[in-house]
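# Tertiary structure, described
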Amino acid sequence: MSAQETLSAVFARLIANFGPISVMQYMGEANARYYAARDPLGATGDFVTAPEISQMFGELIGLWLADIWSRAGRPEPVHYVELGPGRGTLARDALRAAGKAGLVPQVHFVEGSPALRALQSQAVPTAQWHADLSSLPENAPILLVANEFLDALPVRQLVRAEAGWRERMVGCEDGRFRPMIGDRPMDAALPETLRDAAPGTIIETCPGAATVVGEVSQRLAAQGGAALFIDYGHAEFRTGSTLQAVRAHRKVDPFADPGEADLTALVDFATLAEVAKSHGARRLGIAEQGVWLRALGIDARAEALARAVPARAEAVAVARDRLVDPEQMGALFKVMGLTASGWPEGAGF
Ligand code: SAH
């Protein structure tokens with residue numbers, strides 16, 4: 001395969017030779033290609049995330065971590081771990097705020113994209129990089145943050161056909177990719193309650209997210225610490241496809257131009273909370289982002305920023321609303337907090 005060959009061409013050849021590929025393979029390879037070579041964030045990119053909207057987001061997370069670490073007896077050494085840090089903005093803001101509260105951790109980034117690693121090293125030059133969680137240190141508690149990381153991990157979709165459950169696949173017709181129903185029976189993979197769902201029903205699972213949350217939970221149990229997973233998703237299980245593609249701030253067809261748009265799926269926090277528990281972590285709860293940020297004092301922080309730079313008061317108010325307003329990010333985005341057993345309660349849950 002030449003480096004210039006589009007992923008569309010690769011998929012089309014694969015499907016022509018071997019038949020349809022799973023939605024999970026399609027999404028996984030599309031996102032690997034998408035993130036490897038670009039910075040997708042910001043006004044000139046494809047989408048904007050909470051830390052890019054306002055420094056208040058990262059600062060409040062940094063203060064949350066410093067608070068729980070402080071009440072845990074200020075263990076040293078301690079590791080700040082971030083999964084998929086994007087431009088490094090959240091880490092930079094969080095570490096600045098945490099440092100003022102006396103928390104100066106070692107910094108570890110789990111990042112797959114060479115392009116984003118380069119940007120992250122400008123934001124946080126002292127960070128160490130990891131391709132996955134397995135090489136993270138084991139000697140001390142971890143304070144882990146993952147914002148809009150789990151939603152990028154590939155989902156497996158199962159669809160109820162007339163004859164039973166099948167995997168949802170991607171085929172190619174006349175040069176266009178289309179979702180279709182696979183041949184192999186998948187009924188054994190379904191819980192009893194869903195076996196007889198109406199034809200057309202789709203369910204999603206995210207094995208990668210479950211693996212990550214399971215591994216983090218095991219580390220919390222073994223090493224101590226706390227974790228915050230922030231993403232858009234639901235606090236209770238739902239059916240339906242949530243696969244979506246965003247390009248230049250607009251929703252586009254996820255089956256057009258794989259590798260050229262950001263593919264995401266909503267995060268199933270209910271399932272992940274169960275995974276966390278079964279791997280030994282304590283669950284603090286699943287809060288709506290808006291409620292959580294207000295409990296941490298975003299309104300007071302916004303007022304202080306507006307007072308300090310009156311010319312920016314309007315922009316700060318707009319940013320605060322974007323993060324908190326239930327009609328904007330406030331309700332769809334959730335914060336799942338986990339700790340080691342024996343660590344203190346976290347603020348805002
Ligand atoms: N947390 C950042 C960026 C979110 S975009 C923010 O809030 O702005 C998703 C991030 O996860 C990117 O940094 C992307 O490169 C990374 N990522 C996606 N899939 C990954 C994978 N399988 N392994 C490692 N990093 C991944």
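For the structure given in this document, a descriptive report is provided here. Values in this document were obtained by computation on a predicted structure and should not be read as measured data.

## Describing the overall build of the protein chain
Each helix and strand in the protein chain was counted, giving 11 helices and 16 strands. Over its C-alpha trace the protein chain gives a radius of gyration of 21 Å, about what one expects of a compact globule, namely 20 Å for 349 residues. Overall, the protein chain is about 60 × 45 × 40 Å in size when its C-alpha atoms are taken along their principal axes. Among the 349 residues that make up the protein chain, the fraction classed as buried is 52%. Residue pairs at least 24 apart in sequence account for 75% of intrachain contacts in the protein chain once pairs closer than 6 positions are excluded. As displayed, the protein chain has an accessible area near 15400 Å², and 53% of this comes from carbon and sulfur atoms.

## Some thoughts on the sheet that holds strand β11 (residues 244-247)
Strand order in the open sheet formed by three strands is β12-β11-β13, and the pairing between neighbours is antiparallel. In this open sheet, the two strands that pair with only one neighbour each are β12 (250-252) and β13 (262-264). If you compare each strand with its neighbour and ignore which way they point, the axes differ by 40 degrees on average. With three bridges joining them, β11 and β12 adopt antiparallel strand pairing. Residue pairing across strands places Val246 opposite Lys251, the latter belonging to β12.

## A closer look at the site of the ligand
The full set close to the ligand counts 15 residues, and Thr49, Gly84, Gly86, Glu111 and Asn147 are the nearest of them. Taking Thr49, its side chain carries an N or O atom lying 2.5 Å from an oxygen atom of the ligand. Between the ligand and Asn147, the relevant distance is 2.7 Å, taken from a nitrogen atom to a main-chain nitrogen or oxygen of the residue. In isolation the ligand has 570 Å² of accessible area, and contact with the protein removes 88% of it.

## Quick word on helix α4 (residues 55-71)
Here α4 contains 17 residues, and its C-alpha end-to-end distance of 24 Å stays within 8% of the 24 Å for a straight helix at 1.5 Å per residue. Those residues of α4 not exposed but buried are Met56, Phe57, Gly58, Glu59, Leu60, Ile61, Gly62, Trp64, Leu65, Ala66, Ile68 and Trp69.

## Some details on the nonpolar core
Proteins that are soluble and globular tend to have nonpolar side chains buried together. Within the largest apolar cluster, 93 residues are counted, with the highest numbers of intra-cluster contacts made by Tyr80, Leu83, Leu150 and Phe229. Here the element with the most residues in this core is α4; it accounts for nine residues. With residues near it in sequence (within four places) discarded, Leu150 still touches Ala209, Val212, Val213, Phe229, Asp231, Val267 and Leu272.

## Regarding the packing of helix α10 (residues 298-308) against helix α11 (residues 313-324)
For any two helices packed against each other, the geometry is given by the interaxial angle and the distance between the axes. Packing of α10 against α11 brings their axes to within 9 Å, and their N-to-C directions diverge by 165 degrees. With respect to α11, the axis of α10 lies roughly antiparallel. Seen from above, α10 lies across α11 with right-handed handedness. Of α11, the residues touching α10 (which contributes Ile298, Asp299, Ala302, Leu305 and Ala306) are Ala313, Val316, Arg320, Leu323 and Val324. The class makeup of the residues in the contact of α10 with α11 is eight nonpolar, no polar and two charged.

Rules behind the numbers
- Within any chain, residue numbers begin from 1 and follow the written order of that chain's sequence.
- Local features in a predicted model are, by the rule used here, given only for residues with pLDDT of at least 70; side-chain atom pairs are given and counted only at 80 or more, and totals for whole chains, interfaces and linings are based on all residues.
- Each side-chain value is derived from all of the structure's non-hydrogen atoms; neither hydrogens nor water enter the calculation.
- Elements are defined by DSSP. Helices are runs of H or I of four residues or more, strands are runs of E of two residues or more, and each kind is numbered from the N terminus.
- Radius of gyration: over C-alpha atoms. The globule rule applied is 2.2 Å multiplied by the number of residues raised to the 0.38 power.
- Note on classification: 1.4 Å probe, protein chains only; a residue is buried when its accessible area is under 20% of the maximum for its type, exposed when over 50%, partly exposed between these limits.
- The criterion used for residue contact is that any of the two residues' heavy atoms lie within 4.5 Å.
- Per-residue and other accessible areas were derived by the Shrake-Rupley procedure at a 1.4 Å probe size, with only the shown protein chains allowed to occlude residues.
- The rule for pairing is simple: two strands pair if DSSP sees at least two bridges between them.
- Axes, fitted as lines to C-alpha atoms, cover a helix only where it is in contact. Angles between the N-to-C directions of the axes lie from 0 to 180 degrees.
- Throughout this document, a residue counts as near a molecule or strand when at least one of its heavy atoms sits within 4 Å of that molecule or strand.
- The definition of a polar contact used here is a pair of N or O atoms within 3.5 Å, where within protein one atom must be able to donate a hydrogen and the other to accept one, and adjacent residues in sequence count solely through side-chain atom pairs.
- Every helix has an expected span of 1.5 Å times one less than the residues it contains.
- Nonpolar cores are built from buried Ala, Val, Leu, Ile, Met, Phe, Trp, Tyr and Cys residues. Side-chain atoms within 4.5 Å join them into one set.
- Roughly parallel means an angle under 35 degrees; roughly antiparallel, over 145; roughly perpendicular, 65 to 115; everything else is oblique.
- Left-handed describes a crossing whose near helix is turned anticlockwise from the far helix through less than a right angle; right-handed describes the clockwise counterpart.
- Three classes are used: nonpolar for Ala, Val, Leu, Ile, Met, Phe, Trp, Tyr, Cys and Pro, charged for Asp, Glu, Lys and Arg, and polar for all others, with Gly counted as polar.

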